[in-house]
Structure formats: C-alpha cells, structure tokens
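Chain and residue survey
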Amino acid sequence: DLKADQIQFLMMLKTFVLDRGQVERENLIQPPFTNMHPQGIRGVFPPGQLSQVLQFLEQLGQYAA
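Reference entry: report on the structure contained in this document.

**Notes on the overall build of the protein chain**
Looking only at helices and strands, the protein chain has three helices and two strands in total. Starting at the N terminus, the α and β elements of the protein chain follow one another as α-β-α-α-β. Against the 2.2 N^0.38 benchmark of 11 Å for 65 residues, the protein chain shows a C-alpha radius of gyration of 11 Å, consistent with a compact globule. Its C-alpha atoms give the protein chain principal-axis dimensions of about 25 × 20 × 15 Å. Across the 65 residues in the protein chain, those meeting the buried criterion constitute 29%. Here the analysis covers contacts within the protein chain between residues at least 6 apart in sequence; of these, 56% occur between residues at least 24 apart. With the model as given, the accessible surface of the protein chain reaches about 4400 Å², and the carbon-plus-sulfur share is 51%. Of the charged side chains in the protein chain, 5 are positive and 6 negative, and the gap between their average positions amounts to 3 Å.

If you want it as structure tokens, here you go:
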C-alpha cells in the first residue's frame, strides 16, 4: 500500500511527465520533487518501491536514465 505522500508524489510525477514529455533521473531529486522531501524521490520511496517506479516509467517510455 502507498502512503499519502507517495500518492501525492506520483500525482506530481504524472503532471511533470505530461508537461515535459519525459523525466530524467536528475529531475527526481530536484524541484518540484524536492518540495515534498529534500531528497526528492529517494526520501519518499524506499529502495524497492523506488525501483518499481523507475521500471514503470521505463516501460511507459517516459524515463531517460
């Protein structure tokens, strides 16, 4: 199950991808994502869930590693 802050982060990520077309690894640890946590995605998701989010983005073709 996802926590409220994780759901909020994913909604922010969705908006980011829709606005920009893709997301790069560096983006996930910069504003606006650091507005939720100083470490960005790393502070919101534990390592296992973090890799799942990145894999999902890769499958969508929206993630540039």
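After presenting the structure, the write-up continues.
**Concerning the side chain of glutamine 6**
Mapped onto the elements, glutamine 6 comes out in helix H1 (residues 4-20). Of note is the side chain of glutamine 6, whose polar atom sits 3.1 Å from the backbone oxygen of valine 44. A polar contact of 2.8 Å, which involves the side chain of glutamine 6, links it to the side chain of glutamine 49. In this view, glutamine 6 contacts Asp1, Val44, Phe45, Pro46 and Gln49; residues no more than four positions away in its chain are not counted.

**Comments concerning the packing of H1 against helix H3 (residues 47-60)**
In the contact formed by H1 and H3, the axes pass within 13 Å of each other and the chain directions differ by 25°. The orientation of H1 with respect to H3, classified from their angle, is roughly parallel. Helix-helix and strand crossings are classified by hand; for H1 and H3 the assignment is right-handed. Two secondary-structure elements touch here, H1 through Gln6, Leu10, Leu13 and Val17 and H3 through Gln49, Val53 and Leu57. When its residues are assigned to classes, the contact of H1 with H3 shows five nonpolar, two polar and no charged.

Rules used in this analysis
Residues numbered from 1 in each chain as written. Predicted model: local features only at pLDDT ≥ 70, side-chain atom pairs only at ≥ 80, totals over all residues. Heavy atoms only, no water. Helix = DSSP H or I, 4+ residues; strand = E, 2+ residues; numbered from the N terminus. Rg over C-alpha atoms; globule rule 2.2 N^0.38 Å. Buried < 20%, exposed > 50% of the residue type's maximum accessible area, 1.4 Å probe, protein only. Contact = heavy atoms within 4.5 Å. Areas by Shrake-Rupley, 256 points an atom, 1.4 Å probe, with all protein chains shown as cover. Lys, Arg positive; Asp, Glu negative; His and termini not counted. Charge placed at Lys NZ, Arg CZ, Asp CG, Glu CD. Polar contact = N/O pair within 3.5 Å; in protein donor to acceptor, adjacent residues only side chain to side chain. Axes fitted to C-alpha atoms, helices over the stretch in contact; angles between N-to-C directions. Parallel < 35°, antiparallel > 145°, perpendicular 65-115°, else oblique. Left-handed = near helix turned anticlockwise from the far one by under 90°. Nonpolar A, V, L, I, M, F, W, Y, C, P; charged D, E, K, R; others polar.

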